[in-house]
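Coordinate inspection notes
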Amino acid sequence: MQKRAVEPATSAERTALYRTLAHPLRGRILQHLGTTAEANSTTLAEILGESTGTTSYHLRKLAESGLIAEIPEKSKGRERWWRALPFSHTMPDPATMAPEERAAAEQLATLKINADIDRYVRANKEWTGPDGWAQVQRHSAYMTHAELQAFMDDYMELLRKHGHPLPADAPADAQLMSIRFFAVPEQG
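Note that this is a predicted model, so its numbers are computed, not measured.

Following both chains from N to C, one finds helix α2 (residues 24-36) and helix α4 (residues 52-64) inclined at 80 degrees, their axes separated by 10 Å at the closest point. Judged by the angle between their axes, α2 and α4 are roughly perpendicular. Only Thr54, Thr55, Tyr57, His58, Leu59, Lys61 and Leu62 of α4 make contact with α2, whose side of the interface consists of Leu25, Arg26, Ile29, Leu30 and Leu33. Tallied by class, residues from the contact of α2 with α4 come to 7 nonpolar, 3 polar and 2 charged.

Structure, rendered in structure tokens:
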């Protein structure tokens, strides 16, 4: 049975999560596990150009954060195999964050912005029409705050309805899709 990663409940737990996710190598490890389903420190070291000691250390840190889990039936002796756990997180209201949490969340967001810009540029280049794999949409609509909140709830429900959290849960022809959404009132 696949365990689900636990949503961090306290400010200190969220701060630790954001710091874990902000480490570039850990992000690359999570990306690899998200696309290949499982790996060990040796295979990751070869693919990512790192030492097995380094990948092993970062795998343990990801496991401590509840982002990955060991595959006990594949692990033998010192060779431990890992898989990503399904995980989704929404940051709390910044006004409720402790200063350390806010700083860690801002660092993580800054690191992810460049990757998201690259994805956006790639989506525009790879767009082949409304039936292709790459999709780019831009829309505007007047909404009340309550309507925006209802829209966000519906959006998250659509992701749960149509998506698969892990490669093992997905059909054979599924691809890992990077889906980014933001909504912000227009200025002016």
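The subject of this paragraph is the packing of aromatic side chains. On inspection of all chains with the given rule, the structure shows 2 aromatic pairs. Through successive ring pairs, a cluster of aromatic residues spans Phe151, Tyr155 and Phe181. Lying across the ring of Trp81, Lys74 places its NZ or CZ 3.9 Å from the centre.

The next point concerns the sheet that holds strand β1 (residues 39-40). Strands sit in the order β1-β3-β2 across an open sheet of 3 strands; the sheet is antiparallel. Each edge of the sheet is formed by a strand with only one pairing partner; in this case those strands are β1 and β2 (68-70). Alignment of β2 against strand β3 (residues 81-84), held across 3 bridges, turns out to be antiparallel. Across the sheet, the residue bridging to Ala69 is Arg83, located in β3. α2 contacts β1, β2 and β3 of the sheet and is inclined by roughly 85 degrees relative to β3.

Counting 21 residues, the largest nonpolar core has Tyr18, Ile29, Leu33, Leu44, Leu59, Leu62 and Ile68 as the members making the most contacts within it. The set of elements that each furnish at least two residues to this core consists of α1 (11-21), α2, α3 (41-48), α4, β3 and α5 (99-126). For this core, the leading source of residues is α2, giving 4 residues. Here Leu44 is in contact with Ile29, His32, Ala39, Gly49, Thr55 and Leu59, once residues within four sequence places are set aside.

Taken as a whole, α1 has its buried residues at Arg14, Thr15, Leu17, Tyr18 and Thr20. Where α1 is buried, its residues touch α2, α4 and α5.

Angle between the axes and distance between the axes: these two values describe a pair of packed helices. It is at 11 Å that the axes of α2 and α3 come closest, and there the two elements cross at 110 degrees. The orientation of α2 with respect to α3, classified from their angle, is roughly perpendicular. Contacts between α2 and α3 involve Leu25, Arg28, Ile29 and His32 from the former and Leu44, Ile47 and Leu48 from the latter. For the contact of α2 with α3, the class distribution of residues is 5 nonpolar, 1 polar and 1 charged.

Cut-offs used in this document
- Residues numbered from 1 in each chain as written.
- Predicted model: local features only at pLDDT ≥ 70, side-chain atom pairs only at ≥ 80, totals over all residues.
- Heavy atoms only, no water.
- Axes fitted to C-alpha atoms, helices over the stretch in contact; angles between N-to-C directions.
- Helix = DSSP H or I, 4+ residues; strand = E, 2+ residues; numbered from the N terminus.
- Parallel < 35°, antiparallel > 145°, perpendicular 65-115°, else oblique.
- Contact = heavy atoms within 4.5 Å.
- Nonpolar A, V, L, I, M, F, W, Y, C, P; charged D, E, K, R; others polar.
- Phe/Tyr/Trp six-rings, centres within 6.5 Å; stacked < 30°, edge-to-face > 60°.
- Lys NZ or Arg CZ within 6 Å of the ring centre and 35° of its normal.
- Pairing = 2+ DSSP bridges.
- Core = buried A, V, L, I, M, F, W, Y, C linked by side-chain atoms within 4.5 Å.
- Buried < 20%, exposed > 50% of the residue type's maximum accessible area, 1.4 Å probe, protein only.

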